[in-house]
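Overview (structure and organization)
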Amino acid sequence: MTFDALAIRKDFPIFQRTIRDGKRLVYLDSGATSQKPQSVIDAEVDFYRLHNAAVHRGAHQLAEEATDIYEGARTIVANFINAAEDEVVFTKSATESLNLISYAIGNAPFGNRFHLASGDGIVVTEMEHHANLIPWQQLAARTGAALSWFEVTPEGRLDLSNIDSIITEQTKVVAITHQSNVLGTINPLDAIVRRAHAVGAVVVLDACQSVPHMNVDVKALDIDFMTFSGHKALGPTGIGVFWGKSELLAELPPFLTGGSMIESVTMTGATWAPAPRKFEAGVPNMAQAAGLGAALNYLTAIGMDVIHTHEVKLTEYLLQKFETLTDVRVIGPKNMDSRGGSISFTCGEIHPHDLGQFLDSQGIAVRTGHHCAWPLNRKMGVPATTRASLYLYNTLDDCDALIDGVIAAQKYFGR
Ligand SMILES: Cc1ncc(COP(=O)(O)O)c(C=O)c1O
């Protein structure tokens, strides 16, 4: 199938509008959130317009239809990541998924395989988004477990040279990002998963920046838990996925408790329904699940390999163009070896916020700041960067617009 980003843009209503006095919208902020095709908007609206009811509960037709849509979305997610349906838990976001697992581990009593105490270890990396760092800091503080981490090299890769002294016999959890939201680096999971499993630790993968952009097969990666956010994968906000191997979900205690997640209840206690319901307390985000299902169907129809190839082409093009600019420093790998389409950069003395504002005046949407990865920024020696993040609807024209915008900003700010 030939890939036509211009045809794809027609499926996204937002690209029909203009920005800042009639300018074409150059959207380079998909790492923060992606735009939505009409089919996703329709799926969410149709749920409310035609099928709205609380899933799993009602004894009426609408409840049956709503349940079919909600559970149908679970099947779509499971197929998308090569998982079993009962391993897919809907949350409100990746942030919630990572809090779910870290709080659930913290709830594990003595004797449960997830029980953590002083003397145990949790391993993260210096390139984590705060969503995959702070919940683990908090869990370490609550349980007495030690938090350690892989450092990042000046090129923006993980330093695995001392892997055996970081993941040790004491390590119980290794929580790592698949693709950095700042650097674009795609991490080498093989060695990390092998070492983690050799010491009996579970691997939690933050796949927020990989699942929307490439084929991610949880079985092939041999990870134990994974999360991603719907809204970065063309889906609605308010829906995230938490996936875990079924035998692990069976042992993991719940995080939120209440309605829908129980097997039986007395006045003094309760037992839990099996996963995924054990982790879905309350009336869930049904319309958002419908939207996520439509989003993943949309991506599947185009093909994740085709999308990835398109993004590689654009990223390579942008990196080469940045090389030709004076005073522009890309923070992260400068070649396409294990790298995705998030490109963070500094531009001499121009503050990223000023640059972002200038680009915005040209119709170009980028993100500026520390991108919720403050320790990583510190490590790379930059207080903030400007980030362009690419997706299937971006074109070489978008890349050229960014380069022209940066050159114009350099002139405007007298650099
Ligand atoms: C790598 C990574 N992890 C986690 C998150 C958190 O996702 P959300 O805000 O959708 O919960 C993000 C969002 O930017 C991210 O890029």
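As shown above, the structure is provided for reference.
The structure reproduced in this document is the subject of the present report.

This paragraph deals with the pairing of strand E9 (residues 225-229). Along E9, five of the five residues are buried, which leaves the element largely enclosed by surrounding structure. Both faces of E9 are covered, namely the face carrying Phe225, Thr227 and Ser229 and the face carrying Met226 and Phe228. Note: E9 against strand E10 (residues 240-244), five bridges, orientation antiparallel. Bridge pairing links Ser229 to Gly240 in E10.

Glancing now at the site of the ligand. Lining the immediate environment of the ligand, one finds Ser93, Ala94, Thr95, His129, Ala131, Asn181, Asp206, Cys208, Gln209, Ser229, His231 and Lys232. Between an oxygen atom of the ligand and a side-chain N or O atom of Thr95, the distance comes to 2.6 Å. Here a nitrogen atom of the ligand sits 2.5 Å away from a polar atom, N or O, in the side chain of Asp206. Relative to its unbound accessible area of 390 Å², the ligand is 90% covered by the protein chains. Considering only residue class, the shell around the ligand consists of three nonpolar, seven polar and two charged.

Take the pattern of salt bridges next. Scanning the model with the defined rule gives 14 salt bridges in all. One salt bridge in this structure joins Glu280 and Arg74, with 2.8 Å as the shortest N-O distance. Of this pair, Glu280 sits in the loop between strand E12 (270-272) and helix H10 (286-302) while Arg74 sits in helix H3 (residues 61-81), and the two are 206 residues apart along the sequence. Owing to a relative accessible area of 6%, Glu280 belongs among the buried residues under this scheme. With a shortest N-O distance of 3.1 Å, Lys172 and Asp120 are connected by a salt bridge. Here the residue Lys172 occupies a position in strand E7 (residues 171-177), and Asp120 occupies one in the loop between helix H4 (94-106) and strand E5 (121-125), the gap between them amounting to 52 residues.

Looking at the element boundaries, His231 is found in the loop between E9 and E10. Here the side chain of His231 touches Thr33 through a polar contact of 2.7 Å, side chain to side chain. If we skip the residues at most four places from it in the chain, His231 touches Ala32, Thr33, Ser34, Lys36, Pro236, Thr237 and Ile239.

The next point concerns the sheet that holds strand E13 (residues 328-331). Strands in a sheet are paired, the pairing made by backbone hydrogen bonds, and the direction either parallel or antiparallel. Across the sheet, four strands lie side by side as E13-E14-E17-E16; this open sheet has antiparallel pairing. Looking at the sheet topology across the chains shown, the edges are occupied by E13 and strand E16 (367-369). Strand after strand, the sheet turns through a mean of 30° between neighbouring axes, direction not considered. In this sheet, strand E14 (residues 342-347) lies alongside E13 in antiparallel orientation, the contact comprising four bridges. Paired with Val328 across the bridge in E14 is Cys347. Along the sheet, helix H11 (residues 304-323) makes contact with E13 and E14, crossing E14 at roughly 15°.

Now for the layout of surface pockets. Computed from the structure, the largest pocket encloses a volume of approximately 220 Å³. Looking at the second largest pocket, its volume works out to about 170 Å³. What lines the second largest pocket is a set of 14 residues, among which Phe90, Thr91, Glu96, Glu280 and Ala281 lie closest to the centre. Of all elements in the fold, only strand E4 (88-91) and H4 reach the threshold of two or more residues within the lining of the second largest pocket. For the lining of the second largest pocket, the class distribution of residues is nine nonpolar, two polar and three charged.

The interhelical angle for the contact between helix H2 (residues 38-51) and H3, taken along N-to-C directions, is 165°, at an axis separation of 10 Å. With respect to their mutual orientation, H2 and H3 come out roughly antiparallel. The chirality of how H2 crosses H3 is right-handed. Between H2 and H3, the contacting residues are Phe47, Leu50 and His51 on the first element and Leu62, Glu65, Ala66 and Ile69 on the second. Looking at the contact of H2 with H3 residue by residue, the classes come out as five nonpolar, one polar and one charged.

Calculation rules
- Residues numbered from 1 in each chain as written.
- Predicted model: local features only at pLDDT ≥ 70, side-chain atom pairs only at ≥ 80, totals over all residues.
- Heavy atoms only, no water.
- Buried < 20%, exposed > 50% of the residue type's maximum accessible area, 1.4 Å probe, protein only.
- Helix = DSSP H or I, 4+ residues; strand = E, 2+ residues; numbered from the N terminus.
- Pairing = 2+ DSSP bridges.
- Near = heavy atom within 4 Å.
- Polar contact = N/O pair within 3.5 Å; in protein donor to acceptor, adjacent residues only side chain to side chain.
- Areas by Shrake-Rupley, 256 points an atom, 1.4 Å probe, with all protein chains shown as cover.
- Nonpolar A, V, L, I, M, F, W, Y, C, P; charged D, E, K, R; others polar.
- Salt bridge = Lys/Arg side-chain N within 4 Å of Asp/Glu carboxyl O.
- Contact = heavy atoms within 4.5 Å.
- Axes fitted to C-alpha atoms, helices over the stretch in contact; angles between N-to-C directions.
- 1 Å grid on protein atoms, 1.4 Å probe; cavity = no way out; pocket = protein on both sides within 12 Å on 5 of 7 lines; lining within 4 Å.
- Points joined across faces, edges and corners; volume = space filled by probe spheres on them.
- Parallel < 35°, antiparallel > 145°, perpendicular 65-115°, else oblique.
- Left-handed = near helix turned anticlockwise from the far one by under 90°.

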